[in-house]
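# What the coordinates show
Listed below are the residues making up each chain.
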Amino acid sequence: MSDTFALVTGSSGGLGAEIASCLVRLHGRNVIVSGRSEQRLRPVVERLAKENPAIKAIAIPADLSEMDGASRLFAGIAERGLVVDELVNNAGASAPGSALNLDTGVVRSEIVLDYISGVTLTMLFLHHLREHGSPAGRVIQILSMAARFNAMPNFAHYNSAKKAFDAYTKGIEYETRRAGVGVQFHRVYPGAISGTKIATSGITEKNKGIALTAAQVADAIVRASRQGRRVIIPGFVNKLAYVAAPIVPQFITDRAFYKTYG
Ligand SMILES: NC(=O)c1ccc[n+]([C@@H]2O[C@H](COP(=O)([O-])OP(=O)(O)OC[C@H]3O[C@@H](n4cnc5c(N)ncnc54)[C@H](OP(=O)(O)O)[C@@H]3O)[C@@H](O)[C@H]2O)c1
């Protein structure tokens, strides 16, 4: 077994914890789990150790809604002398609501979490690989179907942050390929997921019937990444939505978002 680690952000619960579980069970990977609270990470570490006693699971807490959260997470990795060769940028949040009513602090910290920390972690990971002379690495960016819509009233900052992260990833995927850096990027576009905390924002209740469980989505992501798929869209309905979302006329999607979440 290799001594390198997969770092999964936002893995104290929801999709991140299920991705960590798949990596441990299906691929015997050592994992670093991360979230804001050490207390919430502890049961995840215990679960992973039970699922595969041969692996190492380590918790490193960090608040990725803070501008220096990503650097502090990588500083924690360096302090422990760990080598990471897989990054799953999964931590994210979405408070729905109109810019007329939302708190500016909440919106700003979610943009840092959903976009700026993802960019910073990706860069720090590429630098970390270079420092350790690692010949190959993998980055799995958990985006959202929200990244495919041109605009999403009442989810404007979430939609724009995920779109920006999507565009950023496409750009550096090209840069690294051209530079001959052996890093494989995977862009993931989940639709509604049931049973996660983001679900409390109304996404899953409003999408009953088509929402997949976090375990189903995690399994699809981990399997597809090992098959080398650069674009990963879990679920058949989401594959249709991926194609339709950018081309449906804006007045139709505006009305649909207002009807569902207004
Ligand atoms: N749920 C959906 O319907 C859906 C659909 C499409 C895409 N996604 C994407 O999937 C990813 C996972 O979402 P989820 O549904 O699993 O959400 P979730 O259940 O709310 O889990 C979010 C994870 O992120 C962590 N987190 C939240 N704020 C953080 C912060 N400031 N710093 C560090 N970690 C933080 C949470 O840990 P702590 O609270 O312990 O810090 C938790 O582990 C997100 O990127 C989301 O945008 C979700």
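Above this note sits the structure.
First, a word on what this report is: a plain description of the structure on this page.

Rules used in this analysis
Every residue gets a number counted from 1 within its own chain, in the order that chain's sequence is written. Two thresholds apply to this predicted model, a pLDDT of at least 70 for residue-level local features and 80 or more for giving and counting side-chain atom pairs, whereas whole-chain, interface and lining totals are computed over all residues. Core membership is restricted to buried Ala, Val, Leu, Ile, Met, Phe, Trp, Tyr and Cys residues, and these are joined into a nonpolar core through C-beta atoms within 7 Å. Here a residue counts as buried when 20 or more other C-beta atoms sit within 10 Å of its C-beta, as exposed when there are 12 or fewer, and as partly exposed otherwise, the C-beta atoms being derived from the backbone. Note that contacts rest on C-beta atoms placed from the backbone: two residues are in contact if these are within 7 Å. Whether a residue is near a molecule or strand depends on its C-beta atom, placed from the backbone, lying within 6 Å of it. Helix and strand assignments come from DSSP, with helices taken as H or I runs of at least 4 residues and strands as E runs of at least 2, each series counted from the N terminus. At least two bridges found by DSSP between two strands are what make those strands a pair. Note on method: axes are straight lines fitted to C-alpha atoms, helices fitted across the in-contact stretch only, with angles between N-to-C directions ranging 0 to 180 degrees. We call a crossover right-handed when, viewed with both strands directed away from the observer, the connection leading from the first strand over the helix to the second proceeds clockwise.

As a rule of thumb, soluble globular proteins bury nonpolar side chains together. Among the nonpolar cores identified, the biggest contains 66 residues, and Ile 19, Ala 20, Val 31, Val 33 and Ile 221 are the most heavily contacted of them. Aside from chain neighbours lying at most four places away, what touches Val 31 is Phe 5, Ala 6, Val 8, Ala 20, Leu 23, Val 24, Leu 48, Ile 55 and Ala 57.

Moving on: the site of the ligand. Taken together, 31 residues lie near the ligand, and Gly 10, Gly 14, Gly 92, Thr 196 and Lys 197 sit nearest. Of all the secondary structure elements, the ones that give two or more residues to the shell around the ligand are helix H1 (14-27) and helix H6 (203-206). If one sorts the elements of the shell around the ligand by residue count, H1 sits on top with 3 residues.

Right, let's get into the sheet that holds strand S9 (residues 231-232). As a general point, the strands of a sheet are linked pairwise by backbone hydrogen bonds and lie either parallel or antiparallel. Taken together, the 7 strands give an open sheet; going across it, the order is S3-S2-S1-S4-S5-S6-S9, and neighbouring strands pair in parallel fashion. In this open sheet, the two strands that pair with only one neighbour each are strand S3 (57-59) and S9. Across 4 bridges, strand S4 (residues 84-89) lies against strand S5 (residues 137-142) in parallel orientation. Bridge assignment links Val 88 to a residue of S5, and that residue is Ile 140. Relative to the sheet, helix H5 (residues 156-178) contacts S5 and strand S6 (183-188), its axis offset from that of S6 by approximately 160°.

Now for the pairing of S6. Across the 6 residues of S6, 5 count as buried, placing the element largely inside the fold. As paired strands, S5 and S6 are joined by 6 bridges and run parallel to one another. Across the sheet, residue Gly 137 finds its bridge partner in S6, namely Val 183. In this view, the connection linking S5 to its parallel neighbour S6 by way of H5 has right-handed handedness.

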